[in-house]
Every structure is written in C-alpha cells, then in structure tokens.
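# Overview (structure and organization)
Take a look at the letters that make up each chain.
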Amino acid sequence: MSDLGIFLVATPGLEQPLADEAREAGFAAPLIVPGGVETTGDWPEVWRANLVLRCASRVLVRVASFRALHLAQLDKRARKLDWAGLLRPDLPVRVEATCRKSRIYHAGAAAQRIEGAIAATVGAPIVQEAAAAAVTVKLRIEDDLAVISLDSSGESLHKRGHKEAVAKAPMRETMAAGFLRQCGFDGTMPVVDPMCGSGTFVIEAAEMARGLYPGRSRRFAFEDFASFDAAAWDAMRGAATLREVSIRFSGGDRDAGAIRMSRANADRAGVGDLCHFEQGVIADAMPPDGPPGLVIVNPPYGARIGNKGPLFGLYASLGEVLRTRFSGWRVGIVTADPALARATGLSFADTGPVVAHGGLKVRLYQAGPL
C-alpha cells in the first residue's frame, strides 16, 4: 500500500509548524486540514512520521473511506476491507466510533459493525478497554462519509520515552517543539528558559540541535500491525545523523526539585552534556557566554492558583531582566492572559494563534531582538 492516507494529528493551533516540519522532513505535499495535517505514503512513511516528527501528537493511517447511509451498508463495506493485511489475528483490537451529521447516528452500533467485520475476516479478539488493546481502529462518520483509520502511534507522541519526571502543569514536548518552530528555532542558536519546570523547552531544543529522533526511545502501535517489518524498522531507527553541537541550552527554576528533574530528564534524553540547569529566581537570570539566541518561557498564568495579582509583578520582573541583560536576544512567552504579557513591558511584534493547553487557551508572544 503505497498511497496510504496519513493524518498527522496536531495540537489545536499548532497545525502550521507541524505542516512546516513535515514539509522539511520530505513528506508528500503536507496539507493543513481541521485537526492536523494530511499527507500520503507507504507503511515505512507511517513509521517515519512517528519516529521523526516532533510536532505531531499522533499519526493515523486512513485505510478506507466510503459512503454509508445505514448500518447494513456500513457492515457490508467494512467486510470488504483487507483486514488480514492490516491486523494480526492473535492481538486484541479496540474500535472507537464517532458519528456526526449522518443518518448513522448511533456510534455504539456503528462500532459493533466494524468489530463484527474484524472478527469475521481476521478473527482478532475484540476488547473494550483501551489499556487491553494492541491496536485501535477508529471509525468516523461525518455527513454520511465513513472513514476508517488505524492509530499507528499508541500512546500520544509527546511521550518520548525518556522523560520520567514532570513538574506541575507541564508543557508537552509536542507543544514545545511547535512553539520553538514558531520562534524560528532551527537548532543553531542557544536557548534559555528561566522558568524551566522539568526542562521541556531546553531539552527539546538540545535534541533538535543534536539531530536526535524524538521517537527513538519508545514503542509504537504500528509494531503490532500485520504490515510491520522489524528489520526495516531497526534500520530506519538507527539511521539518524547526529550533529556536533557547540552551543549550550540553559534552564533555571526557583524550585530545587524542578532542577533535579530537569537534569535527570536531560541525561536520560542523551543531551545532559548540552544542557545547564541552575536553581534561582527570575532576578538571578543571566545570559550564557556566547552569541545571543532565544529566551522562551512558559510562566504561570494564574488560572490554577486563583489569584493573578502577584503574577503581574513576576511578569514585570521578567521583562526588566530581559531588557537589561539579554540584549540582542529574541523572546517567546507562552501565556493565557494578554494583560500578563503586556506587564513585561516588551514590544511584541507577533502574536501566535490560540493554542489549546490543558483546558486553557494560550498564545505565543514574540519580541526582539531586544
């Protein structure tokens, strides 16, 4: 199957950096659509998307698309799929279904038709619990168009496989990669995060600079597909060309526990030698030696702690430190409140789109060079 429909799921609001990344990585004609980016390719391209794309949250493989006006029609057409070429008979499968604006409106009944087709043609066991499934089949019926996809990722792609320690309200790696791209980061400039939490921005930037594949340390659902070729996958995973890196990536946090987490996470990711983490408050932040680069920070927004009053002082202090000490540096601030962004006193030349983050709506505010 050389013309599979590959759907790259994006964090809402970060579709553009994902499309840019896919294009740079050589994926075929990436197209932004609601919820993500569409491309095409064969099974190795599905593997590669999971392995190399930093901004994608999940990779779905669209294996069938047809009109279905009633359940009997859905059942008949689902049984014509080459399920044996997709699924293994010995591994449990879960079916998820959604119906919208369609004559088939009962998602549970629709899912049962797909389950019946799989059981009849492949004999794979059907399970209802996500944790018990090796493979998830997704059915979406919208405007009477049924689309059947396989989830090739399994766990969300922000779970890189080497970050064990996380701080409160962590920034997901996929989001961090998208925001770094929006700031123009290409791996050739130093990055500083003076409120680094568990080190996500700093570690993600260091990995990008070194050329490490984001999916190198984890397992994927496609390894349980009937089409999987373990030898070809091992060769692909081992093909990364690592780069020598002379710049360094720095993080600070007032919480000593966060600094310990950041150092441990960086070591597990294989970039501990490129990263420097030091405990301190915003007033202590200093640029590292060398050329200016990017300061990117995800300060607290106040949504979770209730009172935003003290945060205005924190943002003002951040802006003062950046203006007085980080001459020539560019700045990216992720926040849910434009008033807090303005409290920095920085002149923001660009405001990114609204991005969904933990039930909140955040934006990236960019300034500089200072």
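Residues numbered from 1 in each chain as written. Predicted model: local features only at pLDDT ≥ 70, side-chain atom pairs only at ≥ 80, totals over all residues. Heavy atoms only, no water.

## Some words on the overall build of the chain
Helices and strands together make up the secondary structure of the chain, namely 10 helices and 15 strands. Relative to its length of 370 residues, the chain is compact, with a C-alpha radius of gyration of 23 Å against a globular reference of 21 Å. When the backbone C-alpha atoms are referred to their principal axes, the chain occupies close to 70 × 45 × 35 Å. Evaluated residue by residue, the chain yields a buried proportion of 53% over its 370 residues. (Helix = DSSP H or I, 4+ residues; strand = E, 2+ residues; numbered from the N terminus. Rg over C-alpha atoms; globule rule 2.2 N^0.38 Å. Buried < 20%, exposed > 50% of the residue type's maximum accessible area, 1.4 Å probe, protein only.)

## Some points on the nonpolar core
Grouped together as the largest cluster of nonpolar side chains are 58 residues, with contacts concentrated most on Leu74, Trp83, Ile114, Val137 and Ile148. Leaving out residues up to four positions away in the same chain, valine 137 has contacts with Trp83, Leu87, Val93, Arg94, Val95, Glu96, Ile114, Ile118, Ile148, Ser149 and Leu150. In terms of nonpolar packing, the next biggest core, distinct from the first, is built from 55 residues, Phe185, Val191, Phe277 and Tyr315 among them. (Core = buried A, V, L, I, M, F, W, Y, C linked by side-chain atoms within 4.5 Å. Contact = heavy atoms within 4.5 Å.)

## Digging into the side chain of arginine 160
If you trace the backbone, arginine 160 turns up in the loop between β7 (145-151) and α5 (173-182). Engagement of the side chain of arginine 160 in a polar contact is seen with the backbone oxygen of arginine 54, the distance being 3.1 Å. At a separation of 3.0 Å, a polar atom in the side chain of arginine 160 contacts the main-chain carbonyl oxygen of leucine 157. (Polar contact = N/O pair within 3.5 Å; in protein donor to acceptor, adjacent residues only side chain to side chain.)

## Some details on the packing of aromatic side chains
Taken as a whole, this structure holds 10 aromatic pairs when the rule is applied. Ring centres of phenylalanine 185 and phenylalanine 249 lie 6.3 Å apart, and the angle between their planes is 80 degrees; on these two criteria the pair is classed as edge-to-face. You can see phenylalanine 185 sitting in the loop between α5 and β8 (191-193) and its partner phenylalanine 249 sitting in strand β9 (residues 249-253), a full 64 residues away along the chain. Accessibility classification places phenylalanine 185 together with phenylalanine 249 in one group, the buried group. (Phe/Tyr/Trp six-rings, centres within 6.5 Å; stacked < 30°, edge-to-face > 60°.)

## Observations regarding empty space enclosed by the protein
Summary: where empty space remains is shown by rolling a probe the size of a single water molecule over the atoms. In this structure the tally under the stated criterion is 2 cavities of 30 Å³ or more. Roughly 60 Å³ of volume is contained in the largest cavity. No other element matches the 4 residues that helix α6 (residues 200-210) contributes to the lining of the largest cavity. Its residues placed into classes, the lining of the second largest cavity shows 3 nonpolar, 2 polar and 2 charged. (1 Å grid on protein atoms, 1.4 Å probe; cavity = no way out; pocket = protein on both sides within 12 Å on 5 of 7 lines; lining within 4 Å. Points joined across faces, edges and corners; volume = space filled by probe spheres on them. Nonpolar A, V, L, I, M, F, W, Y, C, P; charged D, E, K, R; others polar.)

## Things to note about the layout of surface pockets
One number sums up the size of the second largest pocket: a volume of about 580 Å³. Lining of the second largest pocket is provided by 23 residues; of these, Glu21, Val52, Arg181, Met208 and Arg243 occupy positions nearest its centre. For the lining of the second largest pocket, the elements supplying multiple residues, two or more each, are α1 (15-24), α2 (43-52) and α5. Looking at the lining of the second largest pocket element by element, the count peaks at 3 residues for α2.

## Remarks on the sheet that holds strand β5 (residues 93-100)
With mixed pairing, the 7 strands of this open sheet are ordered in space as β2-β3-β1-β4-β7-β6-β5. Only two strands of the sheet have a single partner each, and these edge strands are β2 (28-33) and β5. Along the sheet, successive strands turn relative to each other by an average axial angle of 30 degrees, direction set aside. In this sheet, β7 lies alongside strand β6 (residues 135-142) in antiparallel orientation, the contact comprising 6 bridges. The residue bridging lysine 138 from the neighbouring strand is serine 149, located in β7. (Pairing = 2+ DSSP bridges. Axes fitted to C-alpha atoms, helices over the stretch in contact; angles between N-to-C directions.)

## Side note on the pattern of salt bridges
Counted by the stated rule, this structure contains 21 salt bridges. Among the ionic pairs, glutamate 207 bridges to arginine 54, the shortest N-O distance being 3.0 Å. In this pair, glutamate 207 is assigned in helix α6 and arginine 54 in the loop between α2 and β4 (56-67), connecting sequence segments 153 residues apart. A salt bridge links lysine 138 to glutamate 96; its shortest N-O distance comes to 2.7 Å. Of this pair, lysine 138 sits in strand β6 while glutamate 96 sits in strand β5, and the two are 42 residues apart along the sequence. (Salt bridge = Lys/Arg side-chain N within 4 Å of Asp/Glu carboxyl O.)

## Considering the pairing of strand β3 (residues 36-41)
Pairing of strand β1 (residues 4-10) with β3, which is carried by 6 bridges, proceeds in the antiparallel orientation. Bridged to leucine 4 within β3 is glycine 41. Direction of pairing for β2 relative to β3: antiparallel, over a ladder of 4 bridges. Across the sheet, the residue bridging to valine 33 is glycine 36, located in β3. What sits between β2 and β3 in their antiparallel hairpin is a turn of 2 residues, with glycine 35 showing a positive phi close to 95 degrees.

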